[in-house]
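Understanding the architecture of this molecule
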Amino acid sequence: MADAGSCVEPLYECLESTGMIDAAAREVASFVRVKWNWGDLAKARDSLHAVEATVRAGVAAEEDKLNVCDPQVQLWLKRVEEVQLDTIDEDYGKLAKFSCLGQCTVHASRRASIGKRVVEALDEVNKLIEEGKGFRKFGFKPAPEIVDLLPQVETFGLESMLNQLHDLLEKDDSNIIGVWGQGGIGKTTLLHVFNNDLEKKARNYQVVIFIEVSNSETLNAVEIQQTISERLNLPWNESETVEKRARFLIKALARKRFVVLLDDVRKKFRLEDVGIPTPATNGKSKLILTSRNKDVCFQMGAHKSLIKMQVLDSGAAWKLFLSKLSPEACAAVNSNNIVREHAEAIFLSCEGLPLALNVIGTAVAGLEGPRDWISAADVIKTNMKNFVGLDEMFSQLRYSYDNLTPTQQQCFLYCTLYPEYGSISKEQLVNYWLAEGLLLNDREVGNQIIQSLISACLLQTSSSMSSKVKMHHVIRQMGLWLVNKTDQRFLVQAGMALDSAPSAAEWKEATRISIMSNDIKEVSLSPKCRSLTTLLIQNNPNLNKLSWGFFKFMPSLKVLDLSRTAITSLPECETLVALQYLNLSHTLITRLPERLWLLKELRHLDLSVTVALEDTLNNCSKLLKLRVLNLFRSHYGIRDVDDLNLDSLKALTFLGITIYAEDVLKKLNKTSPLAKSTYRLNLKYCGEMQSIKISDLNHLVHLEELYVESCYDLNTLVADTELMTSRLELLTLSVLPSLENVIVAPMPHHFQHIRKLLISNCPKLQNITWVLKLEMLERLVVAHCDGMLKIVEEDTSDEADTMPDHPSEEQEYNALAEHPGDGWGAESKSVCRSNLNDGKRRTDFSNLRSIVLTDVKKLRSICKPRDFPSLETLRVEDCPNLSSIPLSSTYNCGKLKQVCGSVEWWEKLEWEDKEGMETKLFIPI
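Rules used throughout
Residues numbered from 1 in each chain as written. Predicted model: local features only at pLDDT ≥ 70, side-chain atom pairs only at ≥ 80, totals over all residues. Heavy atoms only, no water. UniProt positions renumbered as here; feature names shortened; annotations may be inferred. Axes fitted to C-alpha atoms, helices over the stretch in contact; angles between N-to-C directions. Helix = DSSP H or I, 4+ residues; strand = E, 2+ residues; numbered from the N terminus. Parallel < 35°, antiparallel > 145°, perpendicular 65-115°, else oblique. Left-handed = near helix turned anticlockwise from the far one by under 90°. Contact = heavy atoms within 4.5 Å. Nonpolar A, V, L, I, M, F, W, Y, C, P; charged D, E, K, R; others polar. Salt bridge = Lys/Arg side-chain N within 4 Å of Asp/Glu carboxyl O. Buried < 20%, exposed > 50% of the residue type's maximum accessible area, 1.4 Å probe, protein only. Expected span 1.5 Å × (residues − 1). Arc of directions from axis to C-beta.

The protein chain carries the name AAA+ ATPase domain-containing protein in an unreviewed UniProt entry, which gives Digitaria exilis as its organism. The record held by UniProt for the protein chain lists under Sequence similarities (unreviewed entry) the comment "Belongs to the disease resistance NB-LRR family."

Pasting the structure below:
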């Protein structure tokens, strides 16, 4: 027997080495345990359905944000759909009828087959469950397209001009193409359609950029540069001069085959001044501009290629008019001769002008009965008979205005106080309207009026940001024309490059005056304008003097905006007894007038970023009707607890404040009314403040922005566990020479909603690894941090993975939060550590779009390569020791389009994978 065993043993070992024994064991187990395995499969199937529901919810959330599903998630969902369990259930059900293990060879064979299928299905389902649970991201923002599709409505009669434009585009000598015609004729619509058509030719170009110029008098170079930067995914540096930024943009654009579309050019300007290189003749790049003036097209270089826009022919115009009517109105026009007769009269009065057809068609869209159409036609006819030229068009457009309520009409006319170019802030508009008494203290009514004006085609939504609107120049001119037909008198010279104010005689009868956005340096008059209710002088950066008696004869003034001027003092203004809105933000004012407290009706006082303000002379606490008080980032701050005497402001709903002492902060936090009103907080020169714990600010329930600067003893900042929903979105840490420790708790913490983080002049910070926990972070700026060695301190050693007593993140946070001053040597300045050897794909920085590093001399590393699914721009300036950047083809950084830095720095970079990086990404600065 021993000899027999010794003979079998080698055979057994041989079979075992081939895996046949294990395989046989699995086959037997699948045969014997088929019932139990089928039960496990049913449970696993339920778990898979739950995981699938979670994953699909994550994908839906990403798609709601216009993101696209991650390809790995998409593949997983496809595999889940392909799992076929119904046939297994059916076959198992048949098998279950035979209870005896070995009734017959056929049934045993069927049982073995089904048992094997059940095991295989169970393995696949379990594998899918584990993979599904491992997903940390479900989508990402898609890379910008070569053509950014613009809003486009159905068009009529543009085919001929569109074909001309495409033909000129194909000609080698048509490097600059001009399109000209009167206002409201459809030039912008043509350019929108053409922009979208270029999607079919995207292979011929690398970027198509649409820019609204609208430079009536003053060229808004900054807005143009912002548009170019956004389309090129370039970083935006607010502190750069227009000239420096223009040179940078020229370099960036010159590297690409581009088509730039300039809409509504009203005066000649040098393309290079805003950052657009002039396309070379016979080159691949093109520039197309529209203007109301043929000469402007010539001056901009469109000598050979010019298209004149024509009004619509009657057929196209009639189709456009009918397209604006409701189905019921169209039916009435087609079935009732009287309705059709008057509809045609209204249509003919538009004379083929698309803007008029759009506006008036919208205004009469709901008319049905003959009486309504007769009335509408009579109104338009009556208003037209005494006017020619532009007045005729305004008479036609007036019907939309006449359909507004009296309050809506006043709000619409107010919009004409803004310059012809650029955008209008919705929030600012509503603030003005509130102060003028147009909204009865209901801000929501103001927002509804804005929507009504948009619906009536009297305002347009801004294409750049939803918080702003704009007014077509023709509509604005109509508004000013309408003002002259009321008992109001507007003096509007906004954005006209004035270097001196209008004469006192021009002010005398005015009810509203706007001389904003000019280059006025002094206002030395004392105008008598007793009916004046609004005075807008903002955005005159060189205005440094107002005459001492300037406000003496303005007893009805309700709105006064002097923001972004260089004034150092405000004349005595006790005569402004009706004033409700006063904006002195971004001025050089040193003190408030002694008798400002006499302005008992004042409800909105903006003193933000008044960098020279020394004293308010205790005025603020006496303005009992104040709803908005903004002292955010003002040089004037609260230095003593006794100075925080704002409890009398019972109506206050918004407070921006600058605080100079820790005990003042404590009192503010305990003062419930003030705490609940605080939206912006600036901590500055808090001499003895050594630590800040964000949870101590829990009573500041609406806090959106925290700006900590020049607190020289501040050593530790703690973002602890959040008990209440945080609104904090913007955080700035500036000039903090003692700051060593920033401690961020595990989620949820008080920094979880931060979108923008700026750190500058914090020399003791060696890393900011805690940014890994800022899941919503979109923009990161680090500047002038002399001690910064790494942005993220990575722990890649094997010891860190295997040490049994290595503390968890929660343990580390708890220890450091309780004793923030202990155990913090030079090698450890952040509670959050990153470990890349945990076998999982990192999903940090999932929303980060921009990284800007400036003058961080010792910086050696940003972080290890990882996924940057949203990163668009990386800008590095004066960081000589930064020898690598965390980019690799192994990881997802598909949205990254530009890396900006010096040529010398770029050439010295060390890469894991440099193939294709230089030509695709680098922009020299």
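Further notes follow.
Some words on the packing of helix α13 (residues 314-323) against helix α15 (residues 337-349)
As a packed pair, α13 and α15 sit with axes 11 Å apart at the nearest point and diverge in direction by 110°. It follows that α13 is roughly perpendicular to α15 by the angle criterion. For the crossing formed where α13 meets α15, the hand is right-handed. On α15, the residues that touch Ser314, Ala317, Trp318 and Phe321 of α13 are Arg340, Ala343, Glu344, Ile346 and Phe347. Its residues placed into classes, the contact of α13 with α15 shows six nonpolar, one polar and two charged.

A short note on the pattern of salt bridges
Oppositely charged side chains may form a pair once their charged atoms are brought near each other. Per the counting criterion, the structure on display carries 29 salt bridges. In this structure, arginine 56 engages glutamate 81 in a salt bridge whose closest nitrogen and oxygen atoms are separated by 3.1 Å. Of the two residues, arginine 56 sits in helix α3 (residues 34-64) while glutamate 81 sits in helix α4 (residues 71-82), which places them 25 residues apart along the sequence. For glutamate 81, a relative accessible area of 53% gives the class exposed. Between aspartate 855 and lysine 857 there is a salt bridge whose closest N-O contact spans 2.1 Å. Classification of aspartate 855 by relative accessible area gives buried; the value is 17%.

Some remarks on helix α21 (residues 443-455)
Given a rise of 1.5 Å per residue, 13 residues ought to cover 18 Å, and the 19 Å separating the end C-alpha atoms of α21 matches this to within 8%. Of all the positions in α21, only Gly446, Ile449, Ile450, Leu453 and Ile454 are classed as buried. End-on view of α21: buried residues confined to an arc of 140°, all on one side of the axis. Its buried side turned inward, α21 meets α19 (406-414), α20 (426-436), β9 (460-461) and β10 (468-470).

What to know about the environment of lysine 127
With respect to the helices and strands, the residue lysine 127 is situated in helix α6 (residues 105-133). Once the C-alpha coordinates of lysine 127 and leucine 48 are considered, the two residues, 79 residues apart in sequence, prove to be 9.7 Å apart.

Description of unusual backbone geometry
Its identity as a non-glycine residue notwithstanding, asparagine 539 has a phi of 60°, on the positive side. The residue asparagine 539 is located in the loop between β14 (534-536) and β15 (545-546) in this model. For histidine 586, which is not glycine, the phi torsion reads 55° and is therefore positive. If you trace the backbone, histidine 586 turns up in the loop between β17 (581-583) and β18 (604-606). Using a relative accessible area of 30% as the deciding quantity, one classes histidine 586 as partly exposed.

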